[in-house]
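# Summary of structural features
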Amino acid sequence: MFGLSAAKRARIWEDDAAFDGFIAEQWIGAASGLGQAEGLVAGTRIATAMGWRPVEAMAAGDRVMTFDHGLRPVVSVTRCQLWTGTSPCPRHLMPLAVPTGALGNGSPMLLLPEQNVLVESDLAESVFGDPFALIPAAALEGFRGIDRITPHQRVEVIVLHFEEDEVIYANGTGMIHCGSVHGTTVTNLFDDSALYSALPLDMARAIVKSLGEAEGALV
């Protein structure tokens, strides 16, 4: 379950039916191909000590600008493919196309559905006492023109790991979560005091809905 977000792992762990379904999906996936629903798509440009650089050019030791801690070195880099199966890419892995400006990004970008992103929300502040909420990108489908696309060629995915969980800047002010090289332990999986804790998909969709409603009220 290490390719899943923390919130999704928690739900699967607590729900026997979800756990059984997850195991079945893994057997099916192993037979038909493997996919990666989290990480940064090659071509995404991130803020570094050397300026904006494509994520595929990053290597261990390169320093990246983070949301909370300034410049921090990348500890390790993992490279893989979005989908290795011979059949068409399944919908749950399809990237989301983000138009320019939809998330503060200065140019179009692609987000993987289970990649967590940081958004600012009045609803999050009223409910959690923090205006920033970490949500899976899948929750953004339909918001400001963000929509899934069918990849027609191989898509390289790069996962950056830091000493601690960090949020980095992509294609402008888009804020993307990157995990710790130490991974997620059983202890911090359920730790509400963790610096970055992604919301479940239903709560994330409520946050996104509130963002859309707030914009509609300003029109």
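For the structure, check the block above.
The structure displayed is predicted, hence computed values, not measured ones.

### So, the pairing of strand β10 (residues 132-136)
For β10, a buried count of four out of five residues is recorded, marking the element as mostly surrounded by other parts of the structure. As paired strands, strand β9 (residues 116-120) and β10 are joined by five bridges and run antiparallel to one another. By the bridge assignment for β10, E120 is matched with F132.

### Describing the pattern of salt bridges
Going through the model one piece at a time under the given rule, you end up with four salt bridges. Where D62 meets R53, a salt bridge forms, and the shortest distance between an N and an O atom there is 3.3 Å. Among the salt bridges present, the one from R144 reaches E215, with a minimum N-O distance of 2.1 Å. One end of the pair, R144, is in the loop between β10 and β11 (147-148); the other, E215, is in helix α5 (residues 201-218), and 71 residues separate them in sequence. Given the relative accessible area of 43%, R144 is considered partly exposed.

### Structural notes on the packing of aromatic side chains
Taken as a whole and assessed by the stated rule, the structure comprises one aromatic pair. Measuring from ring centre to ring centre gives 5.2 Å for F67 and F132, while their planes differ by 70°; the resulting arrangement is edge-to-face. One end of the pair, F67, is in the loop between β4 (63-66) and β5 (70-73); the other, F132, is in strand β10, with 65 residues separating them in the sequence. When its relative accessible area of 27% is taken as the criterion, F132 is described as partly exposed.

### Notes on the nonpolar core
Membership of the largest hydrophobic core comes to 34 residues, with the highest contact counts inside it found for I46, L111, I135, L140, L160 and I168. Of all the secondary structure elements, the ones that give two or more residues to this core are β7 (96-98), β8 (109-111), β9, β10, β12 (156-161), β13 (166-170), β14 (174-178) and α5. Among the elements that line this core, the one with the most residues is α5, at four residues. Sequence-distant contacts of L140, that is, excluding residues within four places in its chain, are made with L103, L111, V117, I135, I146 and V208. Within the second largest apolar cluster, eleven residues are counted, among which are A37, L82, L112 and V155.

### Let's talk about a nonpolar patch on the surface
Nonpolar side chains collect at one region of the surface, where L123, V127, F128 and M203 lie side by side and expose about 330 Å² of accessible area between them. Residue contributions to the nonpolar patch peak at three residues, all from helix α3 (residues 122-128). By secondary structure assignment, the location of M203 is in helix α5. A relative accessible area of 34% means that M203 is categorised as partly exposed.

### Some words on the pairing of strand β3 (residues 51-54)
Pairing of strand β2 (residues 45-48) with β3, which is carried by four bridges, proceeds in the antiparallel orientation. The partner of I46 across the bridge, within β3, is R53. The hairpin formed by β2 and β3 contains two residues between the paired strands.

About the thresholds
Residues numbered from 1 in each chain as written. Predicted model: local features only at pLDDT ≥ 70, side-chain atom pairs only at ≥ 80, totals over all residues. Heavy atoms only, no water. Buried < 20%, exposed > 50% of the residue type's maximum accessible area, 1.4 Å probe, protein only. Helix = DSSP H or I, 4+ residues; strand = E, 2+ residues; numbered from the N terminus. Pairing = 2+ DSSP bridges. Salt bridge = Lys/Arg side-chain N within 4 Å of Asp/Glu carboxyl O. Phe/Tyr/Trp six-rings, centres within 6.5 Å; stacked < 30°, edge-to-face > 60°. Core = buried A, V, L, I, M, F, W, Y, C linked by side-chain atoms within 4.5 Å. Contact = heavy atoms within 4.5 Å. Patch = residues over 30% accessible without salt bridge, like charges linked within 9 Å, V, L, I, M, F, W, Y side chains within 5 Å. Areas by Shrake-Rupley, 256 points an atom, 1.4 Å probe, with all protein chains shown as cover.

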